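Fold and contact review
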Amino acid sequence: MLNFVMRRTLISIPTLLFISLIIFLLLNLAPNDPMAQVPLTVPPEVKEKMREALGLGQPLYIQFFKWLVQFFWIEPQVFFDHMFGTSFSEDKLRVISWQTRSPVMDMIIQRMPQTLWVVGMSYIVGILIALPIGIYSAYRHYSVFDQAGTFVTMIGYSIPPFFTGPLVIVIFAVQLGWLPSTYDTVLRVVDWDTFVTQLRQMVLPVMVLALQTTAQISRYMRASMLDNLSQDYVRTARAKGLSEWTVVAIHVLRNSMIPVVTVIALNLPAIFGGAIITEQIFKVNGIGQQLIGAIYANDLPTVQTLTFMFAVLIVFFNLIADILYGVLDPRIRYE
Amino acid sequence: MNDVVIDRSQSGKWLDVWTQFKKHKGALVGSMVFILITLTVIAGPFFWIFEANEINIRQRNEGPSWLHPLGTDQLGRDTFARMIAGGQTSITVGLAAMALSILLGSCIGVIAGYYRRLDGMLMRLTDLFLSLPLLPLLLVMMLLFREPLSEAYGPERGMFVLIVCAIGITSWMPTARIVRGDVLALKEREFILAARSIGTTDTKIILRHILPNVISPILVSATLGIANAIITESALSFLGLGFPPDFPTWGRLLNDAVEYLTLYPERVFWPGLAISLTVLSVNYVGDGIRDALDPRIRGR
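All of the points below concern the structure found in this document. (Residues numbered from 1 in each chain as written. Chains lettered and ligands numbered in written order. Predicted model: local features only at pLDDT ≥ 70, side-chain atom pairs only at ≥ 80, totals over all residues. Heavy atoms only, no water.)

Overview of the overall build of chain A
Just so we agree on the cut-off: For helices the rule is a DSSP run of H or I covering at least 4 residues; for strands it is a run of E covering at least 2, with both sets numbered from the N terminus onward. The rule is simple: take the accessible area with a 1.4 Å probe, protein chains only, and divide by the maximum for that residue type; under 20% is buried, over 50% is exposed, in between is partly exposed. The contact criterion used throughout is that any non-hydrogen atoms of two residues lie within 4.5 Å. Accessibility throughout is a Shrake-Rupley quantity obtained with a 1.4 Å probe, and a residue counts as covered only by protein chains that appear here. Under the counting rule used here, the positive set is Lys and Arg, the negative set is Asp and Glu, and His together with the chain ends is not counted. Taken as the charge centre is NZ of Lys, CZ of Arg, CG of Asp or CD of Glu, depending on the residue.
Helix and strand counts for chain A stand at twelve helices and zero strands. Ordering the α and β elements of chain A from the N terminus gives α-α-α-α-α-α-α-α-α-α-α-α. In terms of overall dimensions, chain A has a C-alpha envelope of 85 × 60 × 40 Å along the principal axes. Out of the 335 residues belonging to chain A, those deemed buried represent 45%. For chain A, the share of sequence-separated contacts (at least 6 apart) that also reach a separation of at least 24 residues comes to 71%. Summed over its atoms, the accessible surface of chain A is roughly 17700 Å², and 67% of this surface lies on carbon and sulfur atoms. Within chain A, the 21 negative side-chain charges are centred at a point lying 8 Å from the centre of the 22 positive side-chain charges.

Structure, rendered in structure tokens:
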């Protein structure tokens, strides 16, 4: 098992390096001038100096190598220092945003909790709704519940978040006035009232994101349950007189959870991606909105770092999914 | 009884597929809705009295009336005319991006499945593309290539080329995987061996014997690809990184409507409904085609 995990982890390192190279080349080879905003009165030789100060004078491979060092060596040191009060990272150059002139990672750390709250909560809510729907519609295959479930899933697949978002705002915030339409990020949860406010402002974004999750996960759950319900071991379990509950909830459910758990892990990064749009609609200042802001402002270091963080998330959760599959299903482990 | 069997063998596979497809109510309704939307969008400009960009500032922000069945926007432009124009762009982008993605996906899938030497490399490439953060990368591509392409082809056509290419390049991976799997299985069959033993070249084997047999997964990916491309294009336009502001697409109209959400909440409804209905109908068609082409389900 350790061997399997090690091998799988080692494979993901070249993947990450390659993705970072793609992102780096895409951003650096594109016809795009970071000096475009500088006034025309600034003489060309001064512009050249500014360009060099941004590290743009050197050959591409040196720029790439330096960026890798910054991202994988200096930033972890900063994090370590922050945690344990050491001083490894003193006087070392960090990835600096062109927009705010402050380290990109600090801004990401500030914005991460909002994204995690909304995305994480919506994912949990989505899974909690999806699993029972999937299980029951597989158990009552072709029943009215199953048909309705299929229809709702189709709708969840087809209605994009940039329509459900404004739609729930119109219904619940404008017409009914029950819930706030924007997310107040300066709110600190100190007592019961602020906690309720926090919950209320989370309802709409969580609802929009959870609809997507529910649609996908319940489909997988249903398909996986259907596969298992027709297996021989189910007939055996029934034949030896086990109660229906034991057959479905213990025997079938445990076996059909194997692919579903990996799908849950695999889909998590996609939810982060989808959160970009949802954050924009509900004005949550998480990392998705930071990415959009950086794109509008032509702030390449921030864009590069954030895009790469999304890639790291995807590779990491792919790894988790593979390992989980190995742990849950012993047949997979030794290929 | 005997006649019926002969009749079926003559009519061929596609009639069977059509018979099965007709049984899937959702797919039938879905295809009708999609055809209806497409026809409205194509024929609309010939019958509708207003132009999409015709500004009439005196009639701005009107509600639904007989003259403007969907009302007008903040510049007095007729919403229905803009919906038609937006639909033309959105559906064209969807079809073109789907075509590119299917072309890339089936080429890579067939090559990876057929030539063992290239298989490992191409599948690693597919895995790499699957690990890319697609929406952020699409946004970055929009940011970086918008201006050079606009200068080269004009703002609208440049954007069209960019969006179609960007969506096509980032969505071929599932098709490639499915096609490769099917080709791998087909390659070992006797009819391929027979074709090779009479000296058929690789190109001919692929074109005559392999491609017709992998057409069903390609068709299913194609329908799902349209839905995906329409949603992606609308998402980009919604984030303000798609077509230029005066060029209506459904995503762009939705984005414009969100700004007036508190004053005129009903404006959000139409573009959103159009996107959702198109995607929903295409998804149902895909579902129906999948069932109809699956020989285990067909004929039951």
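After that view, the rundown keeps rolling.
Some remarks on the overall build of chain B
Helices and strands together make up the secondary structure of chain B, namely twelve helices and zero strands. When the elements of chain B are put in sequence order from the N terminus, they spell out α-α-α-α-α-α-α-α-α-α-α-α. Burial statistics for chain B: of 300 residues in total, 50% are counted as buried. Contacts in chain B between residues at least 24 apart in sequence constitute 68% of all its contacts with a sequence separation of at least 6. Split by element, the accessible area of chain B, about 14900 Å² in all, is 64% carbon and sulfur.

Here's the deal with empty space enclosed by the protein
A water-sized probe rolled over the atoms picks out the places where empty space is left. All names here are of chain B. Heads up, the rule is: Of the grid points, spaced at 1 Å and generated over the protein atoms alone, those admitting a 1.4 Å probe that cannot get out make up cavities, while open sets with protein on both sides within 12 Å along at least five of seven lines make up pockets; any residue with an atom within 4 Å of a point is treated as lining. Grid points are joined across faces, edges and corners, and a volume is the space filled by probe spheres set on the points. Classification convention: Asp, Glu, Lys, Arg as charged; Ala, Val, Leu, Ile, Met, Phe, Trp, Tyr, Cys, Pro as nonpolar; all other residues, Gly among them, as polar.
Applying the stated criterion to the full structure yields two cavities of 30 Å³ or more. If you go around the largest cavity, the residues you meet are Asp73, Gln74, Arg77, Thr79, Arg82, Met83, Leu253, Asp256, Ala257, Tyr260, Arg267 and Pro271. Residue composition of the lining of the largest cavity, grouped by class: five nonpolar, two polar and five charged.

With respect to the pattern of salt bridges
Basically, it comes down to this: A pairing counts as a salt bridge when a side-chain nitrogen of Lys or Arg comes within 4 Å of a carboxyl oxygen of Asp or Glu.
Applying the stated criterion to the full structure yields eight salt bridges over all chains. For arginine 222 of chain A, the salt bridge identified is with aspartate 146 of chain A, shortest N-O distance 2.8 Å. Of this pair, arginine 222 of chain A sits in helix 7 (residues 192-229) while aspartate 146 of chain A sits in helix 5 (residues 144-158), and the two are 76 residues apart along the sequence. With its nearest N and O atoms 3.2 Å apart, the salt bridge here joins aspartate 232 of chain A to arginine 235 of chain A. With aspartate 232 of chain A and arginine 235 of chain A both in helix 8 (residues 232-239) and three residues apart, this pair spans about one turn of that helix. Each member of the pair, aspartate 232 of chain A as well as arginine 235 of chain A, is classed as exposed. Shared partners join several salt bridges into a network, and the residues in it are Arg124, Asp127 and Arg177 of chain B.

Overview of the environment of aspartate 329 of chain A
All names here are of chain A. Along the chain, aspartate 329 turns up in the loop between helix 11 (300-328) and helix 12 (330-333). Residue classification places aspartate 329 among the buried positions, given a relative accessible area of 8%. It is 8.8 Å that separates the C-alpha atoms of aspartate 329 and asparagine 255, two residues lying 74 residues apart in sequence.

Considering the packing of aromatic side chains
Residues and elements named next belong to chain B. Definition in use: Pairing of aromatic rings covers Phe, Tyr and the six-membered ring of Trp, with a centre-to-centre limit of 6.5 Å; geometry is then stacked below 30 degrees between planes, edge-to-face above 60, and tilted otherwise.
Under the criterion given, the structure shown has nine aromatic pairs over all chains. When the centroid spacing of 5.2 Å and the interplanar angle of 55 degrees are considered together, the rings of phenylalanine 129 and tryptophan 172 count as tilted. Taken as a pair, phenylalanine 129 in helix 4 (residues 116-130) and tryptophan 172 in the loop between helix 6 (155-169) and helix 7 (173-187) lie far apart in primary sequence, 43 residues in all. On the basis of relative accessible area, phenylalanine 129 is assigned to the buried category, the value being 17%.

Regarding unusual backbone geometry
Residue and element names in this part refer to chain A. Non-glycine residue lysine 283 carries a positive phi angle of around 55 degrees. Assignment of secondary structure puts lysine 283 in the loop between helix 9 (244-282) and helix 10 (287-296). Lysine 283 sits in the partly exposed class, given a relative accessible area of 45%.

Let's talk about the packing of helix 3 (residues 79-114) of chain B against helix 7 of chain B
Residues and elements named next belong to chain B. As a reminder, the rule being used: Axis lines are fitted through C-alpha atoms, for helices just across the contact stretch, and the angle between N-to-C directions can take any value from 0 to 180 degrees. Take the far helix as your reference; a near helix turned counterclockwise from it by less than a right angle gives a left-handed crossing, and one turned clockwise gives a right-handed crossing.
The contact between helix 3 and helix 7 brings their axes to 7 Å, and the two run at 35 degrees. Crossing handedness for the pair helix 3 and helix 7: right-handed. Judged by residue contacts, Ile102, Gly105, Ser106, Ile108, Gly109, Val110, Ala112, Gly113 and Tyr114 of helix 3 engage Thr175, Ala176, Val179, Arg180, Val183, Leu184 and Lys187 from helix 7. Classifying every residue of the contact of helix 3 with helix 7 by side-chain character gives nine nonpolar, five polar and two charged.

Looking at the nonpolar core
Filter applied, for reference: Within this scheme, the nonpolar core is defined by two criteria: the residues are buried Ala, Val, Leu, Ile, Met, Phe, Trp, Tyr or Cys, and they are joined through side-chain atoms within 4.5 Å.
Grouped together as the largest cluster of nonpolar side chains are 142 residues, with contacts concentrated most on Leu139 and Trp250 of chain B. Broken down by element, this core gets its largest block of residues, 15 residues, from helix 9 of chain A. Each residue touching leucine 139 of chain B, except ones within four places of it in the same chain, is listed here: Ile276, Leu291, Ile292 and Ile295 of chain A together with Leu236, Leu239 and Leu241 of chain B. Of all hydrophobic cores here, the second largest spans eight residues; its members include Val17, Val220, Ile289 and Ala292 of chain B.

Focus: the state of the cysteines
Residue and element names in this part refer to chain B. Note the following rule: What counts as a disulfide here is a pair of cysteine sulfur atoms lying within 2.5 Å.
This structure, assessed with the given rule, holds zero disulfides over all chains. Between cysteine 107, a cysteine without a disulfide, and cysteine 165, which holds the nearest cysteine sulfur, the sulfur-to-sulfur distance is 15 Å. A relative accessible area of 41% means that cysteine 107 is categorised as partly exposed. Its relative accessible area of 34% is what places cysteine 165 among the partly exposed residues.

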